[in-house]
Amino acid sequence: MTLDENVEAREIIQKFALLNALRYGGKAQSKPVLGKLLGECPHLRGNIIEVTGLIDEVVQEVNRLSLEKQRKLVEEKWPEVLVSEKVEIERVLPPLPNAEKYRRVVTRFSPNPDFVLHLGSARAIILSYEYAKMYNGQFFLRFEDTDPKTKKPKLHFYDSIREDLAWLGCKWDAEFIQSDRLKIYYEYAEKILKDGHAYVCTCKRQDFQEKVRVKQQCPCRDLTSKENLLRWKGMLNGTYGEGEAVVRVKTDLDHPNPAVRDWPALRIIDTEKYPHPRVGSKYRVWPLYNFACGVDDHLMGVTHVIRGKEHLTNQARQEYMYRHFGWKYPEAIHYGRLKITGASLSKSVILQGLRDGLFKHWDDSRLATLPALRRRGITPEAIHHLIIDVGPKTADVVLSWENLYAYNRKIIDPAANRYFFVRDPTKLTVKNIPHAFTAQLPLHPDHPERGFRSYKIEPEKGEASFLVSSDDTGLLKIGGKVRFMGLFNLQVEKVGKILIQAFFHSESYEEAKKLGAPLIHWIPMNSGIPCEVVMPDASTANGVAEEACKTLSPNEIIQFERFGFVRIDKVNKKLTVYFAHR
Ligand SMILES: [Zn+2]
């Protein structure tokens, strides 16, 4: 590099290092800075060693500054960057503990495919994914499906979970299924038994529990590893039946939490009776959660486990096993509970509701499951923003639907085109219309470039009929004046049960403003498409959507003016849409 090039590169590096630092709580990292620099100045690829040295130097300088000073420098030197980066900088996750100690950050999301994902799962997914991305690390998906009896996995949930992750935009770098890995767990079970850090307990469960409750050991704890391995063989070959033998990991019998004392690691399940949906009756010994999860986190190189604080006891259990194997336990981040008022995130409550017929399906609009949110037009971006803003804090968080809607509205409002939907229609006839009118209704008020919906009103003997919503009958009183949005102003003459009659009043919007005439929406009589709106309480609103809605496609999110945002679900002879929010 020439001296000039060096000065120039240093300047650009400083900019990227500062931005990186601002995003990650004041500590910049060299690697992303290098990526950005080479993106902007590809010619520097030839000087990579020199450039890397320069970056390390500048990053160190930047990291010595306070966050405040860093921000001030960017504001002074590159205010324009701060504007475009602002959104991202506001959504900052706190740095991961000890991220720099690892060559590569690895996180995972590890669901049991026995249930649908919901907003609570989205937190584990998005935090794990975003942290991996933040550190240029890797994010794994691991199906924890080793309980074919009480938490029996279902085949379709493997796919629905993959679909939900893809929808959330959380691409996983590798996928593992624990029911494919039984041989691996057997290998480690054998090892821990051989090393004397675990034993095969054949006591009755209750007898064992009574003993450990008073910090006493069961007789099996003193078996030699030879005896244990013999029993282990018996577990595998069918000498023992379900419930007759269990591998226990030795912990501390004085541990304050009895649930941690010599916890069960592998047990027998009668898979002739309870076949596994993927591997049938091939295996009879199955690892329990802590054993499979603990072994996998180590073998897969997971560096940061991000999960709810209900897992704290599991960490205490697994740490014993890690010590026995001589492994280092990953960094663990335990966040608090997330509640959304008015929606149950509890598996048992949702399952009960489905059994009782209270909910029709997993995507019933009353639920906060991901399929339900997707169906209603809640965007993955909104969920990302919400989860990142909530972050991994340990305090419990209570949200309302309205919080989620506010995030979603920000995203869909600029994108959603506008249409008319007349709920519960009433006929309204306007007389004295002086000539034909063509209403040009913008698809979006802020985006004229998107074009218009156009409706021509050709009065017959000065008369034309329309559909208006019964919701507006309060505005349609005798002598009252209203403006048909984008068309003309009218004065109500007669209000009948099935027909409202009105006179043409004037044309201009200015006139309507002068008259104080409220704006209402309308649809020309004998046009449009019948429309059913599924509301958040699972009730339906019925009416007619304007003619232009016939060309909409499923998954589009639009706004029915004066009604709310909806997602198109089905379009055939009838339009079916799901209500998102106002
Ligand atoms: Zn025992």
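Look up: the structure comes first, before these words.
The structure displayed is predicted, hence computed values, not measured ones. (Residues numbered from 1 in each chain as written. Predicted model: local features only at pLDDT ≥ 70, side-chain atom pairs only at ≥ 80, totals over all residues. Heavy atoms only, no water.)

Q: Residues and numbers for the packing of aromatic side chains, please.
A: In the structure shown here, the tally under the stated rule is 28 aromatic pairs. The interplanar angle of 65° and the centroid separation of 5.9 Å between the aromatic rings of Phe 420 and Trp 522 together place this pair among those described as edge-to-face. Here the residue Phe 420 occupies a position in the loop between strand S12 (417-419) and strand S13 (421-423), and Trp 522 occupies one in the loop between strand S21 (519-520) and strand S22 (523-524), the gap between them amounting to 102 residues. Across the pair, Trp 522 and Phe 420 agree in class, each one buried. Every member of this aromatic cluster is reached through a ring pair, and the members are Phe 420, Phe 437, Tyr 455, Phe 466, Phe 484, Phe 488, Phe 504 and Trp 522. Above the face of the Trp 167 ring, Arg 374 is positioned so that its terminal group lies 5.2 Å from the ring centre. (Phe/Tyr/Trp six-rings, centres within 6.5 Å; stacked < 30°, edge-to-face > 60°. Helix = DSSP H or I, 4+ residues; strand = E, 2+ residues; numbered from the N terminus. Buried < 20%, exposed > 50% of the residue type's maximum accessible area, 1.4 Å probe, protein only. Lys NZ or Arg CZ within 6 Å of the ring centre and 35° of its normal.)

Q: Report on the nonpolar core, specifying residues and quantitative values.
A: Across soluble globular proteins, you tend to see nonpolar side chains buried next to one another. Formed by 51 residues in total, the largest nonpolar core has its most connected members in Phe 109, Leu 168 and Ile 383. Not counting residues within four places of it along the chain, the set of residues in contact with Phe 109 comprises Leu 117, Ser 121, Ala 124, Ile 125, Phe 139, Phe 140, Leu 141, Arg 142, Ile 161 and Leu 165. Val 285, Val 295, Met 321 and Phe 325 belong to the second-largest nonpolar core, a separate cluster that totals 32 residues. (Core = buried A, V, L, I, M, F, W, Y, C linked by side-chain atoms within 4.5 Å. Contact = heavy atoms within 4.5 Å.)

Q: Talk me through the coordination of the zinc ion; I want residue IDs and the actual numbers.
A: Around a metal, the perfect tetrahedron of four donors has angles of 109.5 degrees, and the perfect octahedron of six donors has angles of 90 or 180 degrees. For the zinc ion, every protein donor is listed as Cys 201 (SG), Cys 203 (SG), Cys 218 (SG) and Cys 220 (SG), and the spread of their distances is 2.3 to 2.4 Å. If you look at the zinc ion, its four donor atoms make angles of 103 to 119° with each other, and the shape they trace is tetrahedral. All donors to the zinc ion come from one chain, and their sequence spacing reads C-x1-C-x14-C-x1-C. Judged by relative accessible area, Cys 220 falls into the buried class, the value being 4%. (Donors = N, O, S within 2.8 Å, 3.2 Å for Na, K, Ca; no water. Tetrahedral: all angles 85-135°; square planar, octahedral: opposite > 155°, others 65-115°.)

Q: An account of helix H16 (residues 401-412) is requested, with residue identities and associated values reported.
A: The end-to-end C-alpha separation of H16 is 16 Å, in line with the 16 Å expected for twelve residues at 1.5 Å each. The complete set of buried residues in H16 reads Trp 401, Leu 404, Tyr 405, Tyr 407, Asn 408 and Ile 412. The buried side chains of H16 occupy one side of the element, clustering within an arc of 165° when seen end-on. (Expected span 1.5 Å × (residues − 1). Arc of directions from axis to C-beta.)

Q: Mind laying out the sheet that holds S22, listing which residues take part and the relevant values?
A: Note on sheets: strands pair through backbone hydrogen bonds, and any given pair is parallel or antiparallel. If you walk across this open sheet you meet the seven strands as S21-S18-S19-S20-S14-S17-S22, and the pairing is mixed. Of all the strands in the sheet, the pair left with one neighbour each is S21 and S22. (Pairing = 2+ DSSP bridges.)

Q: Quick one: what's the story with the pattern of salt bridges, residue by residue and with numbers?
A: Enumeration over the complete set of coordinates arrives at 36 salt bridges. Notably, a salt bridge pairs Arg 142 with Asp 297, separated by 2.9 Å at the nearest N-O pair. Of this pair, Arg 142 sits in strand S2 (residues 138-143) while Asp 297 sits in helix H11 (residues 289-299); the two residues are 155 residues apart in sequence, bridging distant segments of the chain. On the basis of relative accessible area, Asp 297 is assigned to the buried category, the value being 1%. One salt bridge connects Arg 278 with Asp 180, and the closest N-O pair in it is separated by 3.1 Å. Of this pair, Arg 278 sits in the loop between strand S6 (264-268) and strand S7 (285-287) while Asp 180 sits in the loop between strand S3 (174-177) and helix H8 (182-194), and the two are 98 residues apart along the sequence. In this structure Arg 278 comes out as partly exposed when scored by relative accessible area, which is 33%. Connected via shared salt-bridge partners are Arg 108, Arg 142, Glu 144, Arg 181, Asp 296 and Asp 297. (Salt bridge = Lys/Arg side-chain N within 4 Å of Asp/Glu carboxyl O.)

Q: Pulling in residues and values, what's your account of helix H12 (residues 312-325)?
A: Here H12 spans 20 Å end to end across 14 residues, near enough to the 20 Å set by a 1.5 Å rise per residue. The secondary structure elements touched by the buried residues of H12 are H8, strand S5 (246-249), H11, strand S8 (304-308) and strand S9 (331-335).

Q: Could you give an account of the sheet that holds S3, naming the residues involved and the relevant values?
A: Across the sheet, which stays open at both edges, the three strands sit in the order S1-S2-S3 with parallel pairing between neighbours. Every other strand in the sheet has two partners, leaving strand S1 (106-109) and S3 as the edge strands with one partner each. Each neighbouring strand pair of the sheet contributes to a mean axis angle of 25°, computed without reference to strand direction. Across four bridges, S1 lies against S2 in parallel orientation. Residue pairing in the sheet places Val 106 in a bridge with Gln 138 of S2. On top of the sheet, helix H6 (residues 119-134) reaches S1 and S2; it is set at about 160° to S1, its chief contact. (Axes fitted to C-alpha atoms, helices over the stretch in contact; angles between N-to-C directions.)

Q: Outline the state of the cysteines, supporting the account with residue identities and numerical values.
A: Under the defined criterion, the tally for this structure stands at zero disulfides. A disulfide-free cysteine, Cys 293 has its sulfur positioned 19 Å from the sulfur of Cys 170, the nearest such atom. (Disulfide = S-S within 2.5 Å.)

Q: Describe in detail the pairing of strand S14 (residues 425-431), supporting the description with residues and values.
A: Across six bridges, the pairing between S14 and strand S17 (residues 464-469) is antiparallel. Of the residues in S17, the one forming a bridge with Lys 427 is Leu 467. Inspection of the sheet shows S14 paired to strand S20 (residues 499-506) by five bridges, in the parallel sense. Looking across to S20, one finds that Lys 427 is bridged to Leu 499.

Q: So what's going on with the pairing of strand S27 (residues 575-581)? Which residues, and what values?
A: The buried fraction of S27 is high, at seven of seven residues. Where strand S23 (residues 529-534) and S27 come together, four bridges link them in parallel fashion. Each residue of the ladder has a partner; that of Val 534, found in S27, is Tyr 578. Of the pairings in the sheet, the one linking strand S26 (residues 564-571) to S27 comprises six bridges and is antiparallel in character. Directly across from Arg 567, in S27, lies its bridge partner Tyr 578. Between S26 and S27, which pair antiparallel in sequence order, lie three residues.

Q: Outline unusual backbone geometry, listing residues and values.
A: Of note, the phi angle at Asp 262 is positive, near 40°, even though the residue is not glycine. Inspection of the secondary structure puts Asp 262 in the loop between S5 and S6. Judged by its relative accessible area of 0%, Asp 262 is buried. One non-glycine residue, Asn 432, adopts positive backbone phi at about 60°. Relative to the elements of secondary structure, Asn 432 occurs in the loop between S14 and strand S15 (437-442).

Q: Tell me about the side chain of Gln 178, and name the residues and values.
A: Within the secondary structure layout, Gln 178 lies in the loop between S3 and H8. Sequence-distant contacts of Gln 178, defined by excluding residues within four places in its chain, comprise Arg 142, Phe 143, Glu 144, Asp 145, Thr 146, Tyr 185, Ala 292, Cys 293 and Asp 296.

Q: So what's going on with the packing of helix H1 (residues 3-23) against helix H3 (residues 48-64)? Which residues, and what values?
A: Between H1 and H3, the least distance of the axes is 9 Å, while the angle of their chain directions is 45°. By the angle between their axes, H1 is oblique relative to H3. Crossing handedness for the pair H1 and H3: right-handed. Contacts between H1 and H3 pair Asn 6, Ala 9, Arg 10, Ile 13, Gln 14, Ala 17, Leu 18 and Ala 21 from the former with Leu 54, Ile 55, Glu 57, Val 58, Val 59, Glu 61, Val 62 and Asn 63 from the latter. For the contact of H1 with H3, the per-class residue count stands at ten nonpolar, three polar and three charged. (Parallel < 35°, antiparallel > 145°, perpendicular 65-115°, else oblique. Left-handed = near helix turned anticlockwise from the far one by under 90°. Nonpolar A, V, L, I, M, F, W, Y, C, P; charged D, E, K, R; others polar.)

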